[in-house]
2 protein chains.
Amino acid sequence: MLEVLRAADDHPTAAEVYERVRRSSPRIGSATVYRTLALLVSTGRALELNLGDGAAARYDANTRRHDHAVCDGCGRAVDIDHPVPDGMMAEIARRSGFAITGYDLQFRGLCPDCQANGSDPARAAGGTGPTVNTHAKGALHAEA
Amino acid sequence: MLEVLRAADDHPTAAEVYERVRRSSPRIGSATVYRTLALLVSTGRALELNLGDGAAARYDANTRRHDHAVCDGCGRAVDIDHPVPDGMMAEIARRSGFAITGYDLQFRGLCPDCQANGSDPARAAGGTGPTVNTHAKGALHAEA
DNA sequence: CCACTGGTTGAGAACGACTCTCAGTATCAC
DNA sequence: GTGATACTGAGAGTCGTTCTCAACCAGTGG
């Protein structure tokens, strides 16, 4: 199961992981996939991502701290490695009174493929992309 | 409905909005609440938030661009107004190739109340907080 | 070899959040 | 009043996820 996750360069949902694992172990059940995924996350061997489109959680075998850029066109998510400056964290902790332990940053926009395919492609570059319309929710926090 | 949202200084879920609206309009149905909420979001009069704990979406009548700090203890979310520097956006756009239209930033940690009530309070300060255990998912991306 | 124990599994039911469908109702112009 | 149109509430349906439970398995002791 970890192998499946490591082999995936996209960020598969639990359902996608289930489907891929089933190719090698056809008798596996979805409960086992969810259980194992939760175990991997709790032992720090995988990361669970909520990419804010209200759709299913996604999983990532890259456990280093990193953020994501999510395409409003095809739903694809790519890794971003560009930490928020410590000074900003400290400033926010000071202003809010919170003891900040971590953060979660996602950028929204159009991936290079969707930019090339027009400004509002109908998930042209997809493949494993979700089927929900992420535009309504994708507008969340966006200020073009 | 907008009034209910504006009167709320927390970030109510759709179910909480439904419950509050029902006090003044007892015959309203949940479908109408979801429809109206979606309308408010699409016309830019409210913001929909996915606070990454896998729970229900939350709504916010504060439509200015802002971020949130979410308490791992009680689930409370407070507004943060501290934009990511433009230079960082440009750098990420350049490196990823994305046309970035917006972003979504959440900090995780313990709110002042939960810090005062011990390091792992059983949602002591709650009230309208969600009932799910956000710790498993709260660990998402956190590096204490 | 067999019985027992404890952990893991798969199937399917259950759950919560959300969306869809559809009949009923209100509103409007005529 | 009549018909067209839009909106509403109730409830069923969908989707992602979790729970339940019987079946299975490995290990242990006899």
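In the annotation of an unreviewed UniProt entry, the entry for chain A reads Ferric uptake regulator, Fur family, and the organism field reads Frankia torreyi. The record in UniProt for chain A states the following under Sequence similarities (unreviewed entry): "Belongs to the Fur family."

The mixed open sheet is built from 6 strands, whose spatial order is β4(A)-β3(A)-β5(A)-β5(B)-β3(B)-β4(B). The open sheet is flanked by β4 (77-80) of chain A together with β4 (77-80) of chain B, the only strands paired with a single partner. Across the sheet, the mean angle separating the axes of adjacent strands is 25° when strand polarity is ignored. Here strand β5 (residues 99-110) of chain A pairs with strand β5 (residues 99-110) of chain B via 11 bridges, running antiparallel. Each bridged residue has a counterpart across the sheet, and for R108 of chain A the counterpart in β5 of chain B is G102 of chain B.

Glancing now at the UniProt feature "binding site: Fe cation" (unreviewed entry) in chain A. UniProt feature "binding site: Fe cation" (unreviewed entry): in the numbering of this structure it lies at D67 of chain A. Looking at where D67 of chain A falls in the secondary structure, it is placed in strand β3 (residues 67-71).

This part is about the UniProt feature "binding site: Zn(2+)" (unreviewed entry) in chain A. In this numbering, the UniProt entry assigns the feature "binding site: Zn(2+)" (unreviewed entry) to C71, C74, C111 and C114 of chain A. Separation in sequence by 44 residues is not matched in space for these annotated residues, since their most distant C-alpha atoms are only 8.1 Å apart. Mapped onto the fold, C71 of chain A is located in strand β3. Judged by its relative accessible area of 1%, C71 of chain A falls in the buried class. Not counting the four nearest positions on each side in its chain, C71 of chain A is found in contact with R76, G109, L110, C111 and C114 of chain A together with F98 of chain B.

For the rest of this paragraph, the subject is the packing of aromatic side chains. Each pair of aromatic rings is reported with the distance of its centres and the angle of its planes. Applying the stated criterion to the full structure yields 2 aromatic pairs over all chains. An angle of 50° between the planes, with centres 6.1 Å apart, marks the rings of Y103 of chain A and F107 of chain B as tilted. One end of the pair, Y103 of chain A, is in strand β5; the other, F107 of chain B, is in strand β5, on a second chain. Comparing Y103 of chain A with F107 of chain B, the two get one shared label, buried. Lying over the aromatic face of Y103 of chain A, R65 of chain A brings its terminal NZ or CZ to 4.0 Å of the ring centre.

Where charged atoms from two side chains of opposite charge approach closely, those side chains can pair. Considering all chains together, one arrives at 14 salt bridges over all chains under this definition. When the shortest N-O distance is used, the salt bridge between R94 of chain B and E91 of chain B registers 3.3 Å. Residue R94 of chain B and its partner E91 of chain B are both found in helix α4 (residues 86-96); the two are separated by 3 residues, about one turn of the helix. Look at E91 of chain B and you get partly exposed, because its relative accessible area is 24%. Connected through shared salt-bridge partners, E91, R94 and R95 of chain A make up one network.

Note on placement: A99 of chain B falls in strand β5. Each C-alpha atom, one on A99 of chain B and one on M89 of chain B, is 9.9 Å from the other, the two residues being 10 residues apart in sequence. Setting aside chain neighbours within four positions, we find A99 of chain B in contact with R108, G109, L110 and Q115 of chain A.

A few words now on the protein's contact with DNA strand C. Near DNA strand C the following residues occur: R27, I28, G29, A31, T32 and R35 of chain A together with A14, A31, Y34, R35, A56 and A57 of chain B. The sugar-phosphate backbone supplies 63% of the atoms of DNA strand C found within 4 Å of the protein. Within the backbone of R27 of chain A, an N or O atom sits 3.5 Å from a sugar or linking oxygen of DNA strand C. For the surface near DNA strand C, the secondary structure elements donating two or more residues are α3 (30-42) of chain A together with α3 (30-42) of chain B. When its residues are assigned to classes, the surface near DNA strand C shows 7 nonpolar, 2 polar and 3 charged.

So, about the pairing of β4 of chain A. Residues and elements named next belong to chain A. Direction of pairing for β3 relative to β4: antiparallel, over a ladder of 4 bridges. The residue of β4 that forms the bridge with D67 is I80. Hairpin connection between β3 and β4: a loop of 5 residues separates the two successive antiparallel strands, and G75 in this loop has a positive phi of roughly 85°.

A word on the interface of chain B and chain A. Each partner contributes to the interface: chain B provides 53 residues, whereas chain A provides 53 residues. Summing both sides of the interface, chain B and chain A together bury roughly 4500 Å²; the carbon and sulfur share of this comes to 62%. In this assembly, chain B and chain A are joined by 0 salt bridges. Taken together, chain B and chain A are joined by 12 residue pairs in polar contact (both at pLDDT 80 or more). Of all the elements in the fold, those that place two or more residues in the side of chain B that touches chain A are β1 (47-49), β3 (67-71), β4, α4, β5, α5 (112-116) and α6 (134-138) of chain B. Considering each element in turn, the side of chain B that touches chain A owes the most residues, 12 residues, to β5 of chain B. Among the residues making up the side of chain B that touches chain A, the classes are represented as 27 nonpolar, 14 polar and 12 charged.

Parameters and conventions
- Residues numbered from 1 in each chain as written.
- Chains lettered and ligands numbered in written order.
- Predicted model: local features only at pLDDT ≥ 70, side-chain atom pairs only at ≥ 80, totals over all residues.
- Heavy atoms only, no water.
- UniProt positions renumbered as here; feature names shortened; annotations may be inferred.
- Pairing = 2+ DSSP bridges.
- Helix = DSSP H or I, 4+ residues; strand = E, 2+ residues; numbered from the N terminus.
- Axes fitted to C-alpha atoms, helices over the stretch in contact; angles between N-to-C directions.
- Buried < 20%, exposed > 50% of the residue type's maximum accessible area, 1.4 Å probe, protein only.
- Contact = heavy atoms within 4.5 Å.
- Phe/Tyr/Trp six-rings, centres within 6.5 Å; stacked < 30°, edge-to-face > 60°.
- Lys NZ or Arg CZ within 6 Å of the ring centre and 35° of its normal.
- Salt bridge = Lys/Arg side-chain N within 4 Å of Asp/Glu carboxyl O.
- Near = heavy atom within 4 Å.
- Polar contact = N/O pair within 3.5 Å; in protein donor to acceptor, adjacent residues only side chain to side chain.
- Nonpolar A, V, L, I, M, F, W, Y, C, P; charged D, E, K, R; others polar.
- Buried area = accessible area lost by both parts, 1.4 Å probe.

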